[in-house]
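Below, each chain spelled out in residue letters.
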Amino acid sequence: MQKMIGTLLALYEQGGDLVYAGESVTQLMHAWQCGRLAEKSGASAALQLASWLHDVGHLWANFEGTPTLRGQDDAHESIGAHVLLPVFGPAVSEPVRLHVQAKRYLVSTRETYARKLTPDSVRSLQLQGGPMGPQACAAFEEEPFFADAVKLRVWDDLGNKSSWFEDTRHDALDHLMQLMHRVAQERVT
Ligand SMILES: [Fe+2]
Ligand SMILES: [Fe+2]
């Protein structure tokens, strides 16, 4: 557990300044903003952590540039969920695994949602299967972590402000470390 927490923290220390795919915000700022939006909404520690780490698959796989511009779906949600499940459990890994599907769901079920997507998100939507049909929407609503995945997705779409980083980098990383310890600890006790 300690080793994985150290590895995850190092990913954000070393790769946190990479530009978040196609947006004017870095990976660390995007992660921090999503985590902070979750915290402000009164989300559980597990959902706050899922929000923080939902795009860790991008850093884990060390993808360079903007994969969707190359017509490539990087499957970062599956990579991230696979990495997070053993340490933090499904309350963290499942919203992460479902956050891309949640976009497909919201495009189909909330009229205004699709209009607010960024250009990169529109590009990746097509690569990820496009809007969900009615049957897929119904099946998605049966997912045990459906509600958390939808909440995370809304924060994901809001967490792209280029100047929104009140904490120092050090404080943000320290907060992430403490949150990881707290969730992992709660899971074993
Ligand atoms: Fe993502
Ligand atoms: Fe994201």
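What comes next concerns the included structure. (Residues numbered from 1 in each chain as written. Chains lettered and ligands numbered in written order. Predicted model: local features only at pLDDT ≥ 70, side-chain atom pairs only at ≥ 80, totals over all residues. Heavy atoms only, no water.)

Details of the overall build of the protein chain
Part 1 of the argument: When helices and strands are tallied, the protein chain shows 11 helices and 0 strands.
Part 2 of the argument: For the protein chain, the α and β elements follow one another from N to C terminus as α-α-α-α-α-α-α-α-α-α-α.
Part 3 of the argument: In summary, the protein chain has a C-alpha radius of gyration of 16 Å against a globular reference of 16 Å for 189 residues, a match within 12%.
Part 4 of the argument: Each of the three principal axes of the protein chain carries a C-alpha extent, and together these read 40 × 35 × 30 Å.
Part 5 of the argument: Looking at the protein chain residue by residue over its 189 residues, the buried ones come to 51%.
Part 6 of the argument: Here the analysis covers contacts within the protein chain between residues at least 6 apart in sequence; of these, 73% occur between residues at least 24 apart.
Part 7 of the argument: A distance of 3 Å separates the average location of the 17 positive side-chain charges in the protein chain from that of its 23 negative side-chain charges. (Helix = DSSP H or I, 4+ residues; strand = E, 2+ residues; numbered from the N terminus. Rg over C-alpha atoms; globule rule 2.2 N^0.38 Å. Buried < 20%, exposed > 50% of the residue type's maximum accessible area, 1.4 Å probe, protein only. Contact = heavy atoms within 4.5 Å. Lys, Arg positive; Asp, Glu negative; His and termini not counted. Charge placed at Lys NZ, Arg CZ, Asp CG, Glu CD.)

Description of the pattern of salt bridges
Part 1 of the argument: Per the stated rule, a full pass over the model turns up 6 salt bridges.
Part 2 of the argument: The closest approach of N and O atoms between Arg97 and Glu143, which form a salt bridge, is 3.4 Å. Pair noted here: Arg97 is in helix H6 (residues 90–109) and Glu143 is in the loop between helix H9 (134–141) and helix H10 (146–158), with a separation of 46 residues, a long-range link.
Part 3 of the argument: For Arg97, a relative accessible area of 33% gives the class partly exposed.
Part 4 of the argument: With a relative accessible area of 24%, Glu143 lands in the partly exposed category.
Part 5 of the argument: Residue Arg153 pairs with Asp156 through a salt bridge whose shortest N-O separation is 3.3 Å. Of this pair, Arg153 and Asp156 both sit in helix H10, 3 residues apart, which is roughly one turn of the helix. Each of the two residues, Arg153 as well as Asp156, counts as buried.
Part 6 of the argument: In the salt-bridge network here, residues are joined through shared partners; they are Glu94, Arg97 and Glu143. (Salt bridge = Lys/Arg side-chain N within 4 Å of Asp/Glu carboxyl O.)

Here we look at the coordination of the iron ion (ligand 1)
Part 1 of the argument: Surrounding the iron ion (ligand 1) are the protein donor atoms Asp55 (OD), His76 (NE2) and His99 (NE2), at 2.1 to 2.2 Å.
Part 2 of the argument: For the iron ion (ligand 1), the donor residues sit on a single chain with the sequence spacing D-x20-H-x22-H.
Part 3 of the argument: Metal-to-metal, the separation of the iron ion (ligand 1) and the iron ion (ligand 2) is 3.7 Å; Asp55 coordinates the two. Note that His76 is positioned in helix H5 (residues 76–88) and His99 in helix H6, a separation of 23 residues in sequence. Here His76 matches His99 in class, with each residue buried. (Donors = N, O, S within 2.8 Å, 3.2 Å for Na, K, Ca; no water.)

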